[in-house]
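Take a look at the letters that make up each chain.
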Amino acid sequence: TEECGWDGGDCLIDDYPDCHPNIPSWIGDGECNGGEYNSEECGWDGGDCIDFNTKYPDCYIGGDCASFNATFPGCRVDIPPWIADGECTGRAYNTEECGWDGGDC
């Protein structure tokens, strides 16, 4: 937290001084994590969410996900960027409503 000095600075993320997610190492790790990571402050997850955001504009933290919902009506998952990301996530993502993880499964 800010009150704790971001743990002496070792929780600060280079190039994203206003980004303070729970797991800083997930920023720019090659996987779009969504949520607080897919925000302007975190550089759209260090660039990892750019493809997802291009496919589904406005489906980021604070967005309305209208285009995602039009493509996958009835798909209710915690992290929409994991749909059609090239990896079969399984569980709730691997359903008919979610297009079998957007074709990944």
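Scroll up for the structure.
As the structure is a prediction and not an experimental result, all values here were calculated from the model. (Residues numbered from 1 in each chain as written. Predicted model: local features only at pLDDT ≥ 70, side-chain atom pairs only at ≥ 80, totals over all residues. Heavy atoms only, no water.)

### Points about the state of the cysteines
- Under the counting rule described, the total for this entry stands at four disulfides.
- Note on cysteine connectivity: cysteine 32 is disulfide-linked to cysteine 49, with sulfurs 2.0 Å apart. Since a negative S-S torsion denotes a left-handed disulfide, the cysteine 32-cysteine 49 link at about 100° is right-handed. Here cysteine 32, found in the loop between helix 1 (5–8) and helix 2 (43–46), pairs with cysteine 49, found in the loop between helix 2 and helix 3 (50–55); they are 17 residues apart in sequence, far enough to count as distant. Both residues of the pair, cysteine 32 and cysteine 49, count as buried.
- One disulfide in the model links cysteine 88 with cysteine 105; its S-S distance is 2.0 Å. Taking the torsion about the S-S bond as the criterion, the cysteine 88 to cysteine 105 disulfide, at about 100°, is right-handed. With cysteine 88 in the loop between helix 4 (66–71) and helix 5 (99–102) and cysteine 105 in the segment after helix 5, this pair connects stretches of sequence that are 17 residues apart.
- Exposure remark for cysteine 88: the relative accessible area of 40% places this residue in the partly exposed category. (Disulfide = S-S within 2.5 Å. Helix = DSSP H or I, 4+ residues; strand = E, 2+ residues; numbered from the N terminus. Buried < 20%, exposed > 50% of the residue type's maximum accessible area, 1.4 Å probe, protein only.)

### Quick notes on the nonpolar core
- Membership of the largest hydrophobic core comes to 14 residues, with the highest contact counts inside it found for Phe68, Cys75 and Ile83.
- Excluding its chain neighbours within four sequence positions, the residues that come into contact with isoleucine 83 are Phe68, Phe72, Cys75, Val77, Tyr93, Cys98, Asp101, Gly102 and Asp104.
- Grouped together as the second largest cluster of nonpolar side chains are five residues, Ile13, Cys19, Ile27 and Tyr37 included. (Core = buried A, V, L, I, M, F, W, Y, C linked by side-chain atoms within 4.5 Å. Contact = heavy atoms within 4.5 Å.)

### So, the environment of glycine 99
- By the element assignment, glycine 99 lies in helix 5.
- Spatially, the C-alpha atom of glycine 99 lies 8.5 Å from that of isoleucine 83, the residues being 16 residues apart in sequence.

As far as function goes, none of this settles anything; it's purely spatial.
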